Amino acid sequence: MQGGADFMMAFSNKPAAQALVAYVTGTVGGQNWAKANFSVSPNKNANGNYTDRRDQVRHDARQCFGFTFDIGDALGAPFNAAEWKGIVA
């Protein structure tokens, strides 16, 4: 299985930022993520709530096989550009 990653980071300790993080990582946020067709969610509460059967299959496969980020997903934009330049060279 091949995949990519986006990371959510809060740059504030304000109540609104804390509420957003709590929602996205909570039960209702995971369920709504799946129902809105945002593809496969890292939130386990998305399970069983996907409206696209293919996304449910991807979710199940990720649960069975796991998912590990490659270094390009884990590091920031300057490194990604250098990594891609090296790959295509």
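Below is a summary of the structure that appears in this document. Sequence order as written defines the numbering, with residues in each chain counted from 1. Local features in a predicted model are, by the rule used here, given only for residues with pLDDT of at least 70; side-chain atom pairs are given and counted only at 80 or more, and totals for whole chains, interfaces and linings are based on all residues. To obtain the side-chain values, all non-hydrogen atoms of the structure were used and water was disregarded.

1. Describing the packing of aromatic side chains
The way to describe two aromatic rings as a pair is by their centre distance and the angle between their planes.
Thought 1: Stacked, tilted and edge-to-face pairs are distinguished by plane angle, under 30 degrees for stacked and over 60 for edge-to-face with tilted covering the rest, among Phe, Tyr and Trp rings (Trp via its six-membered ring) whose centres lie within 6.5 Å. Applying the stated criterion across every chain yields a total of 1 aromatic pair.
Thought 2: Each ring, one from Trp 33 and one from Phe 38, has its centre 5.6 Å from the other, and the planes form 65 degrees; the classification is edge-to-face.
Thought 3: Burial classes follow relative accessibility: with a 1.4 Å probe on protein chains only, a residue under 20% of its type's maximum area counts as buried, one over 50% as exposed, and anything between as partly exposed. Taking relative accessible area as the criterion, Trp 33 reaches 29% and is therefore assigned partly exposed.
Thought 4: Of the residues examined, Phe 38 reaches a relative accessible area of 55% and is grouped as exposed.

2. Considerations on a nonpolar patch on the surface
Thought 1: A patch consists of residues whose relative accessible area exceeds 30% and which take part in no salt bridge; residues with like charges are grouped when within 9 Å of each other, and nonpolar side chains (Val, Leu, Ile, Met, Phe, Trp, Tyr) when within 5 Å. Using a 1.4 Å probe, the Shrake-Rupley method yields the accessible areas, and only the shown protein chains count as cover for residues. The term salt bridge refers to a pairing of a side-chain nitrogen on Lys or Arg with a carboxyl oxygen on Asp or Glu at a separation within 4 Å. A contiguous nonpolar surface patch, about 380 Å² in accessible area, is contributed by Met 8, Leu 20, Tyr 23 and Val 28.
Thought 2: With respect to the helices, strands and loops of the structure, Met 8 is situated in the segment before α1 (15–25). Numbering of helices and strands runs from the N terminus, with a helix taken as a DSSP run of H or I at least four residues long and a strand as a DSSP run of E at least two residues long.

3. Considering the pattern of salt bridges
Thought 1: For the structure on display, the rule yields 2 salt bridges.
Thought 2: Here Asp 52 makes a salt bridge to Arg 54, at a shortest N to O gap of 2.8 Å.
Thought 3: Residue Asp 52 is classed as partly exposed on the basis of its relative accessible area of 21%.
Thought 4: In this structure, Arg 58 and Asp 55 form a salt bridge, with 2.6 Å as the shortest nitrogen-oxygen distance. Separated by 3 residues within a single helix, Arg 58 and Asp 55 lie in helix α3 (residues 53–65), roughly one turn from each other.
Thought 5: By relative accessible area, which is 7% here, Asp 55 ends up buried.

4. Notes on unusual backbone geometry
Across the chain, the bulk of peptide bonds are trans and the bulk of non-glycine residues have phi less than zero.
Thought 1: Positive phi, close to 60 degrees, is recorded for Asn 37, a residue that is not glycine.
Thought 2: In this structure, Asn 37 sits in the loop between α2 (27–35) and α3.

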